[in-house]
Amino acid sequence: MIFVTGGKYEGEEEFSKTHWPSKKIISDFDEKIKALVKGLEPDEAESAAKKLAMDFSDENKDSVIILTEAGCGIIPLSKDDRIFREAVGRAGCVLAEKADEVFLVTMGIGTKIK
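Caption draft 1: Fine view of the nonpolar core. F3, F29, I33, I65, L67 and L95 are the most contacted members of the largest nonpolar core, which totals 21 residues. Contributions of two or more residues to this core are made by α2 (29-37), α3 (42-59), β3 (63-68) and α4 (79-98). It is α4 that contributes the most residues to this core, 7 residues altogether. In this view, F3 contacts I65, L67, G92, L95, A96, A99, E101, V102 and F103; residues no more than four positions away in its chain are not counted. I2, V4, F103 and V105 belong to the second largest nonpolar core, which has 8 residues in total.

Next up, the structure:
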């Protein structure tokens, strides 16, 4: 599995399509986490997000999984948004650990970090 991450609208999907045109590209993983953790308490959300990342990476070993970073900006005021932000970070750590390759995309430029 190839894991690609970066900030919102940094060009992760375009980068992935250019570099791996024949692979399945999953570009909405953070939205799956958002739906999963809505209404959960922080510990529950973290566990659920990590489990989702583990299962999803096992089921998509030949894919490119894109996860938009959520933790590099201003800390959200809303409790739910803070929980989501933490869950995305934890899921990203799992995906990065399980991935064969990891790329950080900034301004459309991908940098291999694993």
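Caption draft 2: Representation of the environment of E59 within the structure. Within the secondary structure, E59 is located in helix α3. With 26 residues separating them in the primary sequence, E59 and R85 have C-alpha atoms 24 Å apart.

Caption draft 3: Just the packing of α2 against α3, in detail. With their axes 10 Å apart at the nearest point, α2 and α3 run at an angle of 140° to one another. In terms of their interaxial angle, α2 and α3 are classed as oblique. The way α2 lies across α3 gives a crossing that is right-handed. Contacts from F29, K32, I33, L36 and V37 of α2 reach α3 at A45, A48, A49, L52, A53 and F56. Here the contact of α2 with α3 is composed, by residue class, of 10 nonpolar, no polar and 1 charged.

Caption draft 4: Spatial organisation of the pairing of strand β1 (residues 2-6). Of all 5 residues in β1, 5 are buried; the element is thus mostly enclosed. Side-chain alternation along β1 places I2, V4 and G6 on one buried face and F3 and T5 on a second face that is also buried. When β1 meets β3, the two strands line up parallel, connected through 5 bridges. Within β3, the residue paired with F3 across the bridge is I65. Pairing geometry for β1 and strand β4 (residues 101-106), over 5 bridges, is parallel. Bridge pairing in β4 places T5 opposite L104.

Caption draft 5: Molecular detail of the packing of aromatic side chains. One pass over the structure, following the stated rule, counts 4 aromatic pairs. Considering the side-chain rings of F15 and F103, the 5.6 Å spacing of their centres and the 50° angle between planes classify their relative orientation as tilted. Separated by 88 residues along the polypeptide, F15 in helix α1 (residues 12-19) and F103 in strand β4 bring together distant segments of the chain. Pair check on accessibility: F15 and F103 agree, each one buried. The ring of Y9 has K8 sitting right over it, with the charged end atom 5.5 Å from the ring centre.

The rules behind these values
Residues numbered from 1 in each chain as written. Predicted model: local features only at pLDDT ≥ 70, side-chain atom pairs only at ≥ 80, totals over all residues. Heavy atoms only, no water. Core = buried A, V, L, I, M, F, W, Y, C linked by side-chain atoms within 4.5 Å. Buried < 20%, exposed > 50% of the residue type's maximum accessible area, 1.4 Å probe, protein only. Helix = DSSP H or I, 4+ residues; strand = E, 2+ residues; numbered from the N terminus. Contact = heavy atoms within 4.5 Å. Axes fitted to C-alpha atoms, helices over the stretch in contact; angles between N-to-C directions. Parallel < 35°, antiparallel > 145°, perpendicular 65-115°, else oblique. Left-handed = near helix turned anticlockwise from the far one by under 90°. Nonpolar A, V, L, I, M, F, W, Y, C, P; charged D, E, K, R; others polar. Pairing = 2+ DSSP bridges. Phe/Tyr/Trp six-rings, centres within 6.5 Å; stacked < 30°, edge-to-face > 60°. Lys NZ or Arg CZ within 6 Å of the ring centre and 35° of its normal.

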